[in-house]
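A look at the structure
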Amino acid sequence: MYNFGLPENFKIALTFNDVILLPGWTEVEPREIDLSTYVDKNHKLNIPFVSSPMDTVTEADLAIALAREGGLGVLHRNCSVEEQVEMARKVKRAEAFVIRDVVTITPDKRVEDARRIMEELNIHGLPVVSSGKLVGLVTSRDIRYSEPNLRVSKVMTPRERLIVTHPGVTIDEAKKILQKHKIEKLPLVDDKDRLIGLITYKDLELKGKYPNAVRDENGRLLVAAAISPFDLERAKKLSKYVDILVTDVAHFHNKNVFKATKKIIKSVDSDVIVGNLGTREAVLDAVSDIEDVSGLRVGIGSGSICTTGIVTRVAAPTLFAVLESVSALKELGAFGRIPIIADGGIKNSGDIAVALAAGASAVMMGNLFAGTRESPGRLIAIEGRYYKEYYGMGSARARAKRMALDRYSYPSKEIEEGIEGWVPYRGTVSDLVKELSAGLKAAMGYVGAKNIGELWVKSRFAIILPTGFYEIRPHDIVTPTQHLPRSGLL
Ligand code: XMP
């Protein structure tokens, strides 16, 4: 490419707004397009959308909603290990063909204990277990009008009246048993009457309700969690529950970070996605030096709440980082085998199309998901419009919790690298996913790509100047909302 006469090592860092995709010969209609993709070496998603590990973006509710749509939530780490583990367990409990991590109660506990557990975990029944053996089942119906002080053993359905089955039961057999006996819960017990799992009618029903959901081999929703490379204990605990761990540091290309990550990869069963990376050299080093990197999280300084680029004037904008990563992976013969996640700066479906066309397998979004109903942030109204709060993990607000400070390098622990504010309310995760998927499919239709692999091959780019960027947006027209402060995202 023409380099404006600049020295060889002086790169041009393109950002989303600098480029357009060129229309190509097409034989595909948007409805025929397949958005499925690999987010890391071993996990396939049905849509290429991942949510950022930020405490105004991804907790259990958003991760559940996104996995049901076919994407992946990465649980934030700005909390205690126990809180993060509980979020992961909540996602894994949300649905499953067989619940393995069954919440149980003992017969000597009180009705009020059963009620509290059910309310806290939003579940409607508890198998009653004594010395490892199933002795009954207590449901929300059993305790609705019972004295809070009564023992669970007095209100439960006892073992001799319970319908149970064996652990090897198939989905169809389980469905038939539930229907035949008109029951909602089917405990699985071994030949010694030990509780091995639980099948619920609700879970079997949900499977039909969310046909695009991404699930593990036990039918539970996929979920990932952010970790610090320096917190081996957290990584080990989380790896028992989540499918993927994602390192969460602003600058992964660092000697100590590499060393600590190698130790984590060796000690956990889950896949590990590493990041954030921004340059070709960083990707070459990470993939060659660290064994078993499962995916790359790339982009530094493009996030809508980032001030790293201003505070330090160091950045690897997301599109640039993707192009650099593709170049490194191609050199290593690993492009297409180690997926790239484009993280930060995604404002709309057009940016998603550009990130994927450049070679990413998925995009990670904070700003857009922060605006959904399922994100943890507060909903507020300003002049009749709804907004949700959103702040950077390097902002004063996030740093006050002091749990994710090591995201940033030592000197920056002293300064803020993020800001706080509000983003427009965008409805449910499902609404947002539909809107972004429709835009992305339309882009792929113009390019002539029926899946993401074809998009990588068929896409052609052109650079557009700021003056031209003005022309490809709505312009020279007055709109009814123009007097309102613009979000800057549309
Ligand atoms: P968007 O554009 O979706 O980007 O808001 C989300 C991504 O931004 C990163 N992130 C930060 N980067 N300072 C930074 O420099 C921060 O305070 C900060 N908080 C989040 C992160 O990669 C996220 O996925």
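Residues numbered from 1 in each chain as written. Predicted model: local features only at pLDDT ≥ 70, side-chain atom pairs only at ≥ 80, totals over all residues. Heavy atoms only, no water.

**Concerning the overall build of the chain**
The line we're drawing: Counting from the N terminus, the helices are the DSSP runs of H or I reaching at least four residues and the strands are the DSSP runs of E reaching at least two. Here the globule rule reads 2.2 Å times residues to the power 0.38, and the radius of gyration is calculated from C-alpha atoms. A 1.4 Å probe rolled over the protein chains alone gives each residue an accessible area, and that area as a share of the maximum for its type sets the label: buried under 20%, exposed over 50%, partly exposed in between. Residues count as neighbours in contact if any of their non-hydrogen atoms are within 4.5 Å of one another. For the accessible areas, the method is Shrake-Rupley and the probe is 1.4 Å, while residue cover comes only from the protein chains on display. Note on charges: Lys and Arg go in the positive column, Asp and Glu in the negative column, and His and the chain ends are not counted at all. Positions of charges follow a simple convention, taking NZ of Lys, CZ of Arg, CG of Asp or CD of Glu.
For the chain, the helix and strand inventory stands at 18 helices and 20 strands. Compactness check: the chain gives a C-alpha radius of gyration of 25 Å against a globular reference of 23 Å for 490 residues, within 12% of the reference. The C-alpha extent of the chain, read off along each of the three principal axes, is 85 × 50 × 45 Å. Going through the 490 residues of the chain one by one, you find that 52% of them count as buried. For the chain, contacts bridging at least 24 residues in sequence account for 64% of all contacts bridging at least 6. By element, 52% of the accessible surface of the chain is carried by carbon and sulfur atoms, the whole surface being about 23800 Å². Averaged over its 67 positive side-chain charges, the chain has a centre that lies 3 Å from the centre of its 62 negative ones.

**Considering the domain arrangement of the chain**
Applied cut-off: For the domain bounds, the source is a domain assignment made automatically or taken from a database. In this description, buried area is defined as the sum, over both parts, of the accessible area (probe of 1.4 Å) that is lost when the two are combined.
Domain annotation of the chain identifies domain 1 (16–95 + 212–471) and domain 2 (111–208). Distance between the C-alpha centres of domain 1 and domain 2: 38 Å. Contacts between the two partners involve 6 residues from domain 1 and, on the opposite side, 5 residues from domain 2. For the domain 1 and domain 2 pair, buried surface summed over both sides reaches about 460 Å², with 50% attributable to carbon and sulfur atoms.

**Examining the packing of helix H2 (residues 81–94) against helix H8 (residues 232–239)**
Let me state the cut-off plainly: Fitted lines through C-alpha atoms give the axes, limited to the stretch in contact for helices. The angle between two N-to-C directions lies from 0 to 180 degrees. For classification, angles of less than 35 degrees are called roughly parallel, those exceeding 145 degrees roughly antiparallel, those between 65 and 115 degrees roughly perpendicular, and all remaining angles oblique. The crossing is said to be left-handed when, going from far helix to near helix, the turn is anticlockwise and less than a right angle, and right-handed when the turn is clockwise.
One can describe the packing of H2 onto H8 by two numbers: an axis separation of 10 Å at closest approach and a directional angle of 20°. Taken together, the axes of H2 and H8 are roughly parallel relative to one another. Viewed along their axes, H2 and H8 form a crossing whose handedness is right-handed. Every residue of H8 that contacts H2 at Val81, Gln84 and Val85 is listed here: Arg234, Lys237 and Leu238.

**A few points about the site of the ligand**
Short version of the rule: Near residues are defined by distance, with any heavy atom within 4 Å of the molecule or strand qualifying the residue. N or O atoms within 3.5 Å of each other form a polar contact, as long as, within protein, one can give a hydrogen and the other can take it, and as long as residues adjacent in sequence are counted only when both atoms are side-chain atoms.
Around the ligand sit 25 residues in total, of which Thr308, Asp343, Tyr390, Gly394 and Glu417 are the nearest. Note that an oxygen atom of the ligand is positioned 2.6 Å from one of the backbone N or O atoms of Gly394. Within the backbone of Glu417, an N or O atom sits 2.6 Å from a nitrogen atom of the ligand. Coverage of the ligand by the protein chains reaches 97% of its 520 Å² of free accessible surface.

**Focus: the layout of surface pockets**
For clarity, the cut-off: The definitions used throughout rest on a 1 Å grid laid over the protein atoms alone, on which a cavity is an enclosed set of points accommodating a 1.4 Å probe that cannot get out and a pocket is an open set flanked by protein within 12 Å on both sides along at least five of seven lines; lining residues are those having an atom within 4 Å of a point. Grid points are joined across faces, edges and corners, and a volume is the space filled by probe spheres set on the points.
As a volume, the second largest pocket reaches approximately 1000 Å³. Along the wall of the second largest pocket there are 39 residues; nearest its centre are Ile123, His124, Gly125, Lys185 and Lys202. Breaking the lining of the second largest pocket down by element, the ones donating at least two residues are helix H1 (60–69), H2, strand E6 (125–130), strand E7 (133–139), helix H4 (140–143), strand E10 (195–200) and helix H7 (201–209). No other element matches H1, which puts 4 residues into the lining of the second largest pocket.

**Focus on the side chain of Glu69**
The test is simple: Salt bridge, as used here, is a side-chain nitrogen of Lys or Arg placed within 4 Å of a carboxyl oxygen of Asp or Glu.
With respect to the helices and strands, the residue Glu69 is situated in helix H1. Comment: no salt bridge for buried Glu69; closest opposite-charge side chain is Lys434, at 5.2 Å. Ignoring any residue separated from it by four or fewer positions in sequence, one finds Glu69 in contact with Ile47, Asn212, Val429, Ser430 and Val433.

**Things to note about the nonpolar core**
We apply this condition: Residues enter a nonpolar core if they are buried and are Ala, Val, Leu, Ile, Met, Phe, Trp, Tyr or Cys, with the set joined through side-chain atoms within 4.5 Å.
Core analysis: the largest hydrophobic core is formed by 114 residues, its most contacted members being Phe49 and Leu296. Tallying contributions element by element places helix H16 (residues 429–447) first for this core, with 8 residues. Setting aside chain neighbours within four positions, we find Phe49 in contact with Leu66, Gly71, Leu72, Ile352, Val363, Met365, Phe369, Val433, Leu436, Ser437 and Leu440. One finds Ile105, Val152, Val155 and Met156 within the second-largest nonpolar core, a separate group that totals 13 residues.

**A look at the packing of aromatic side chains**
Filter applied, for reference: The aromatic pairing rule takes the rings of Phe, Tyr and Trp, using the six-membered ring of Trp, and pairs them if the centres are within 6.5 Å, calling planes under 30 degrees apart stacked, those over 60 edge-to-face and the rest tilted. Charge-over-ring placement is defined geometrically: NZ (Lys) or CZ (Arg) within 6 Å of the ring centre, and within 35 degrees of the ring normal.
Using the criterion set out here, one finds 2 aromatic pairs in the structure. When the centroid spacing of 4.8 Å and the interplanar angle of 50° are considered together, the rings of Phe335 and Trp456 count as tilted. Separated by 121 residues along the polypeptide, Phe335 in the loop between helix H12 (318–332) and strand E15 (340–343) and Trp456 in helix H17 (residues 452–458) bring together distant segments of the chain. Stacked on the ring of Phe335, the Lys or Arg Lys330 has its end atom at 5.1 Å from the ring centre.

**Quick word on the sheet that holds strand E12 (residues 244–247)**
In sheet architecture, strand pairing relies on hydrogen bonds along the backbone and comes in two forms, parallel and antiparallel. Applicable threshold: We call two strands paired when DSSP finds no fewer than two bridges between them.
Strand order in the closed barrel formed by 8 strands is E4-E5-E11-E12-E13-E14-E15-E16, and the pairing between neighbours is parallel. Sheet twist, expressed as the average angle between the axes of neighbouring strands with direction ignored, equals 25°. As paired strands, strand E11 (residues 224–227) and E12 are joined by 4 bridges and run parallel to one another. What sits directly across from Ile227, in E12, is Thr247. The strands touched by helix H13 (residues 349–357) within the sheet are strand E4 (49–51), E15 and strand E16 (362–365), with E16 carrying the most contacts at an inclination of about 135°.

**Brief notes about the pairing of strand E18 (residues 385–391)**
Residues in a regular strand project their side chains so that they alternate between the two faces of the sheet. Of all 7 residues in E18, 5 are buried; the element is thus mostly enclosed. Sheet topology places strand E17 (residues 379–382) next to E18; 4 bridges connect them, and they run antiparallel. Bridge pairing links Ile380 to Tyr387 in E18.

**Digging into helix H6 (residues 171–181)**
We count it as follows: What the arc covers is the set of directions going from the helix axis to the C-beta atoms.
Within H6, burial applies to Ala174, Ile177 and Leu178. Buried residues of H6, viewed axially, fall in a sector of 95°; they line one side. Those residues of H6 that are exposed and aimed more than 90 degrees away from the buried face are Asp172, Lys176, Gln179 and Lys180. Buried-residue contacts for H6 involve strand E9 (185–189), E10 and H7. Positive phi shows up at Lys182, right after H6, with a value of about 50°.

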